[in-house]
Amino acid sequence: MKALQHFCTITRHKILVMKECFQVGLYRQGLLHDLSKYSWTEFKIGCKFYQGSRSPNNAEREAIGYSSAWLHHKGRNKHHYEYWIDYGLDGEKGMIGMKMPVKYVVEMFLDRIAACKVYKGEEYTDRSPLEYYLKGKGEYLMHPDTQALLEKLLRMLAKEGEEKTYRYIRTNILRKRR
Ligand SMILES: [Zn+2]
């Protein structure tokens, strides 16, 4: 059991996302981000399959054919687009991505930055989150509007950097909601 290492990994990530959320004014989400990772259902899997360099969910998938921790996680955390997958209406067959509230799209964007920073370490640049996103593009079951906003923010980050992008989020993306 790698309880201490796992605890440090998820807490380091949580603190990073919290700082980013606070910078754009999402205080509540900053405090609550990924809280279910500390629930016993998710925490025990994280300890059992602790990898250091990649998600324990992948190791659990390989071991038992699915990840119970991920299924628990994505059903409770609205910043994951997987939370918003549901049956389509109006003759649209099967499961589709529903349009996400903007504040969760922003949290998803910040989550990706934090994850990328830990994963890339010294090699991280403002382009890294965009590059990671483009590698997986086409596989996301995401609403087109949601995907367009995420991609717009990632491109802005790559081009203009964090400070400008966070200011744009504060003044143009989140303020418009009220
Ligand atoms: Zn999460």
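This structure is a prediction, so every number in the text was calculated from the model and none was measured.

A. Here's a closer look at the overall build of the protein chain. In terms of helices and strands, the protein chain carries 9 helices and 2 strands. Listing every helix and strand of the protein chain by position from the N terminus yields α-α-α-α-α-β-β-α-α-α-α. For 178 residues, the compact-globule estimate of 2.2 N^0.38 gives 16 Å, and the C-alpha radius of gyration of the protein chain, at 17 Å, lies within 12% of that figure. For the C-alpha atoms alone, the extent of the protein chain along its principal axes is close to 45 × 45 × 30 Å. Sequence-distant contacts, at least 24 apart, represent 61% of the contacts inside the protein chain between residues at least 6 apart.

B. A look at the nonpolar core. V105, V106, F109 and L110 are the most contacted members of the largest nonpolar core, which totals 23 residues. Those elements that provide at least two residues to this core are α1 (3-24), α6 (102-120) and α8 (144-160). Among the elements that line this core, the one with the most residues is α6, at 9 residues.

C. Representation of unusual backbone geometry in the model. In this structure, D34 is a non-glycine residue whose phi angle is positive, near 55°. With respect to the helices and strands, D34 occurs in the loop between α2 (27-32) and α3 (40-48).

D. Spatial organisation of α6. The end-to-end C-alpha distance of α6, which contains 19 residues, comes to 27 Å, matching closely the 27 Å that a straight helix rising 1.5 Å per residue would cover. Phi turns positive, to about 60°, at G121, one or two residues after α6.

E. How the structure looks around the packing of α6 against helix α7 (residues 128-136). Their axes nearest at 9 Å, the elements α6 and α7 cross at an angle of 100°. One finds that α6 runs roughly perpendicular with respect to α7. Side by side, α6 and α7 meet where R112, I113, C116 and K120 of the first sit next to S128, P129, Y132 and Y133 of the second. Of the residues in the contact of α6 with α7, the class split is 5 nonpolar, 1 polar and 2 charged.

Basis of the calculations
Residues numbered from 1 in each chain as written. Predicted model: local features only at pLDDT ≥ 70, side-chain atom pairs only at ≥ 80, totals over all residues. Helix = DSSP H or I, 4+ residues; strand = E, 2+ residues; numbered from the N terminus. Rg over C-alpha atoms; globule rule 2.2 N^0.38 Å. Contact = placed C-beta atoms within 7 Å. Core = buried A, V, L, I, M, F, W, Y, C linked by C-beta atoms within 7 Å. Buried ≥ 20, exposed ≤ 12 C-beta atoms within 10 Å, placed from the backbone. Expected span 1.5 Å × (residues − 1). Axes fitted to C-alpha atoms, helices over the stretch in contact; angles between N-to-C directions. Parallel < 35°, antiparallel > 145°, perpendicular 65-115°, else oblique. Nonpolar A, V, L, I, M, F, W, Y, C, P; charged D, E, K, R; others polar.

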